[in-house]
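# Remarks on the overall topology
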Amino acid sequence: MSVVPKKINVKEVGPRDGLQNEKLLLPTEDKISWINALSRTGLSYIEITSFVHPDWIPQLKDAQEVADGINRHPGVTYAALVPNQRGLERALSAGIDEVSVFMSVSESHNRKNINKSIEETFPVLQDVVDTAKCERKKVRAYLSTVFGCPYQGRVEIQDVMRICDRLFTMGIDELSLGDTIGIANPKQVDELLAKLLPRFREGTIALHFHNTRGMALANVWSALQHGVATFDASLGGLGGCPYAKGASGNLATDDLVFMLEQMGINTGVDEARLQNAAAFIEKRLGKTLPSQQRRLQTATQGGDSFVR
Ligand code: MG
């Protein structure tokens, strides 16, 4: 009997994960308008920004202004990334609903990304989790390089499991497993989830796929077979791959929603409104986004010569 869920939570990470990889600095009011458009699509979770030090990611230095400026829809959770206690304090004062912490499975990526060893990272995250829990906020953790590392290559399942165990022991509510370099294949996803999922409470594992090599939707299908019901995605596939100039990064929300709805799996997302929100951000960024849905829209509506 298939365990494929009937309803999927799509977590939109475009305003954070997508924009942080964009060179063009988007004006704050455009970010606010875009998040407001996303809020009208039926998405129930939007990661709107990151409270990292402004010098780290200049694109997201207006985190406070964005959080203050958006219209908050009932039924939508507005989340933000926080690297440490200081970031958490800023997120809390900005009235963020949920926070996300992050680290990597591979030592080399963890050091490059957050300038700490894996062992040095745990206490920093524990502080964030403890304080967030006191404030009755849910905490999600992103785990990067789960399926492969840009520096050390292969990543062992045992290492993934060891860090997942530590993070849940810390008190996180949800763990998002990241295919940071878009190297995962459906068989690898199947093998990892078969070992990993029985260890944790149902519904606490999410997947964060990248489409760098065109395998993201196949990997989603593989995870669906295990009953995974939460997937991260970025509208239009916004946000290139930080390790390969010009390559695509995040799984596109519009491609994910299209596939799921075609299969009769409910996402709660209105596809026409999603395309409107995508068209808005494309106009502001001055480019067509890499999702199949956006390319199709552009080809059929733009009077271009692709479709004859
Ligand atoms: Mg990503």
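Summary of the structure given here. Here the structure is a predicted model, which is why all the values come from computation and not from measurement.

Definitions and limits used
Residues numbered from 1 in each chain as written. Predicted model: local features only at pLDDT ≥ 70, side-chain atom pairs only at ≥ 80, totals over all residues. Heavy atoms only, no water. Helix = DSSP H or I, 4+ residues; strand = E, 2+ residues; numbered from the N terminus. Rg over C-alpha atoms; globule rule 2.2 N^0.38 Å. Buried < 20%, exposed > 50% of the residue type's maximum accessible area, 1.4 Å probe, protein only. Contact = heavy atoms within 4.5 Å. Areas by Shrake-Rupley, 256 points an atom, 1.4 Å probe, with all protein chains shown as cover. Axes fitted to C-alpha atoms, helices over the stretch in contact; angles between N-to-C directions. Parallel < 35°, antiparallel > 145°, perpendicular 65-115°, else oblique. Nonpolar A, V, L, I, M, F, W, Y, C, P; charged D, E, K, R; others polar. Salt bridge = Lys/Arg side-chain N within 4 Å of Asp/Glu carboxyl O. Donors = N, O, S within 2.8 Å, 3.2 Å for Na, K, Ca; no water. Polar contact = N/O pair within 3.5 Å; in protein donor to acceptor, adjacent residues only side chain to side chain.

### Digging into the overall build of the chain
Looking only at helices and strands, the chain has twelve helices and eight strands in total. Computed over the C-alpha atoms, the radius of gyration of the chain is 18 Å, within 12% of the 19 Å expected from 2.2 N^0.38 for a compact globule of 308 residues. Judged by the C-alpha coordinates and their principal axes, the chain covers about 55 × 45 × 35 Å. In the chain, which comprises 308 residues, the proportion classed as buried is 53%. Considering only contacts in the chain between residues 6 or more positions apart, those separated by 24 or more positions represent 73%. With an accessible surface of roughly 13600 Å², the chain has 49% of that area assigned to carbon and sulfur atoms.

### Quick word on the packing of helix α11 (residues 271-285) against helix α12 (residues 292-301)
In contact at an axis separation of 11 Å, α11 and α12 are set at 80 degrees when each is read in the N-to-C sense. By the angle class used here, α11 and α12 are roughly perpendicular. For the pair α11 and α12, the contacting residues are Gln275, Ala278, Ala279 and Glu282 in the first and Gln293, Arg294 and Gln297 in the second. In terms of residue class, the contact of α11 with α12 is built from two nonpolar, three polar and two charged.

### Side note on the pattern of salt bridges
All told, the structure shown has 15 salt bridges when counted by the stated rule. With a closest N to O distance of 2.6 Å, glutamate 47 and arginine 16 form a salt bridge. Of this pair, glutamate 47 sits in strand β2 (residues 45-50) while arginine 16 sits in helix α1 (residues 14-18); the two residues are 31 residues apart in sequence, bridging distant segments of the chain. Each of Lys11, Arg140, Glu174 and Asp232 takes part in salt bridges that share partners, so that together they form one network.

### A closer look at the coordination of the magnesium ion
Asp17 (OD), His208 (NE2), His210 (NE2) and Asn250 (OD1) make up the full set of protein donors to the magnesium ion, lying at 2.0 to 2.3 Å. Asparagine 250 sits in the buried class, given a relative accessible area of 4%.

### Description of helix α10 (residues 253-262)
Burial analysis of α10 places seven of its ten residues in the buried class, the great majority of the element. Inspection of α10 places Thr253, Asp254, Asp255, Leu256, Val257, Met259 and Leu260 among the buried residues, and these make up the whole buried set. Residues of α10 that are buried sit in contact with β1 (9-12), α9 (216-224), β8 (230-233), α11 and α12. Taken from the residues just after α10, glycine 264 is the one with a positive phi, measuring 80 degrees.

### So, the environment of aspartate 190
Relative to the assigned elements, aspartate 190 resides in helix α8 (residues 186-196). On the basis of relative accessible area, aspartate 190 is assigned to the partly exposed category, the value being 35%. When the C-alpha atoms of aspartate 190 and alanine 223 are compared, they prove to be 6.7 Å apart, with 33 residues separating the residues in sequence. Beyond its immediate chain neighbours, meaning those up to four positions away, aspartate 190 contacts Ser222 and His226.

### Examining the side chain of threonine 267
Mapped onto the secondary structure, threonine 267 falls in the loop between α10 and α11. What makes threonine 267 buried here is its relative accessible area of 4%. At 2.6 Å, the side chain of threonine 267 and the side chain of glutamate 261 are in polar contact. A distance of 3.2 Å separates a polar side-chain atom of threonine 267 from the backbone nitrogen of valine 269. Residue contacts for threonine 267: discarding those within four places in its chain leaves Lys7, Ile8, Val10, Val257, Leu260 and Glu261.

### Concerning the side chain of histidine 208
Secondary-structure assignment places histidine 208 in strand β7 (residues 205-208). Given the relative accessible area of 7%, histidine 208 is considered buried. At 3.4 Å, the side chain of histidine 208 and the side chain of histidine 210 are in polar contact. Sequence-distant contacts of histidine 208, that is, excluding residues within four places in its chain, are made with Val13, Asp17, Tyr142, Ser176, Leu177, Gly178, Asp179, Asp232 and Asn250.

### Here we look at unusual backbone geometry
Backbone geometry places asparagine 115, a non-glycine residue, at a positive phi of 60 degrees. Examined against the element boundaries, asparagine 115 turns out to sit in the loop between α5 (107-114) and α6 (118-134). For asparagine 115, a relative accessible area of 69% corresponds to the exposed category. Of note in the backbone geometry, arginine 136 takes a positive phi value of approximately 60 degrees without being a glycine.

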